[in-house]
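# A look at the structure
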Amino acid sequence: MVNYPNGKKHPSKDLVTTDREKRKINYGRRGMNFEEAIDASNHYYLTERVAVIHKRPTPVQIVKVDYPKRSQAVIKEAYFKTPSTTDYNGIYKGRYLDFEAKETQNKTSFPLVNIHTHQVEHMHAVTEQGGICFLLIHFAVLNEVYLLPFPPFYHYWQRMRDGGRKSMTLTEIRNDGILVSSGFKPRLDYLAAIPLTDESEEK
């Protein structure tokens, strides 16, 4: 038995967005969730030689293992450890990419409690070295996905650390982020939203 700390995943739904561009998010088939859409996109990027991006394996602490046969081992109980860094990393057009993918049921804001301090410190260190860091945020109810570069995210993180609000509003994310288009190949074309400019190197 594997114990999931974050509960069940929320499947994506085909809904028309309410933002100014009236875009429709469709992951290509019913039941495809956010993570699956990212993984399918990464597979497309890899096969088409666009980029090499992989999901980091989640560290697991194995607690109980049974051996029904000498040549077999069955994990009976395990726990997910806190991830050491972010969800995905890779290389695109000669640049190192590192990003966290998050989903929220909130319709008006994204709670910053969903991001851990050690993840922010990791992304800040990567950005200082010239890598490109960002968040992919899926508003599940609205079915909108935004790419938020690290510099504006870090501004809101610092605002919280200074005693300000503990979330980013949807308006702030729409203003500072890029709405990610969807389709069949790739499912989520988030690479098209990456700002390959000096802004991505801001500290």
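Residues numbered from 1 in each chain as written. Predicted model: local features only at pLDDT ≥ 70, side-chain atom pairs only at ≥ 80, totals over all residues. Heavy atoms only, no water.

Under the annotation held in an unreviewed UniProt entry, the protein chain carries the name Holliday junction resolvase RecU and is attributed to Macrococcus brunensis. In its Function (unreviewed entry) section, UniProt records this for the protein chain: "Endonuclease that resolves Holliday junction intermediates in genetic recombination. Cleaves mobile four-strand junctions by introducing symmetrical nicks in paired strands. Promotes annealing of linear ssDNA with homologous dsDNA. Required for DNA repair, homologous recombination and chromosome segregation." Under the UniProt heading Sequence similarities (unreviewed entry), the entry covering the protein chain gives this text: "Belongs to the RecU family." (UniProt positions renumbered as here; feature names shortened; annotations may be inferred.)

Turning our attention to the UniProt feature "binding site: Mg(2+)" (unreviewed entry) in the protein chain. When the UniProt feature table is mapped onto this chain numbering, "binding site: Mg(2+)" (unreviewed entry) sits at Thr85, Asp87, Glu100 and Gln119. These annotated residues cover 35 residues of sequence, and their C-alpha atoms all fall within 9.7 Å of one another, placing them together at a single site. Position of glutamate 100 relative to the elements: it lies in strand β6 (residues 95–104). Leaving out residues up to four positions away in the same chain, glutamate 100 has contacts with Thr85, Thr86, Asp87, Ile115, Gln119, Phe134, Leu135 and Leu136. Engagement of the side chain of glutamate 100 in a polar contact is seen with the side chain of lysine 102, the distance being 3.2 Å. Of note, glutamine 119 is situated in helix α2 (residues 117–128). Look at glutamine 119 and you get buried, because its relative accessible area is 2%. Leave out the neighbours within four places in its chain, and glutamine 119 touches Thr85, Thr86, Glu100 and Asn114. (Helix = DSSP H or I, 4+ residues; strand = E, 2+ residues; numbered from the N terminus. Contact = heavy atoms within 4.5 Å. Polar contact = N/O pair within 3.5 Å; in protein donor to acceptor, adjacent residues only side chain to side chain. Buried < 20%, exposed > 50% of the residue type's maximum accessible area, 1.4 Å probe, protein only.)

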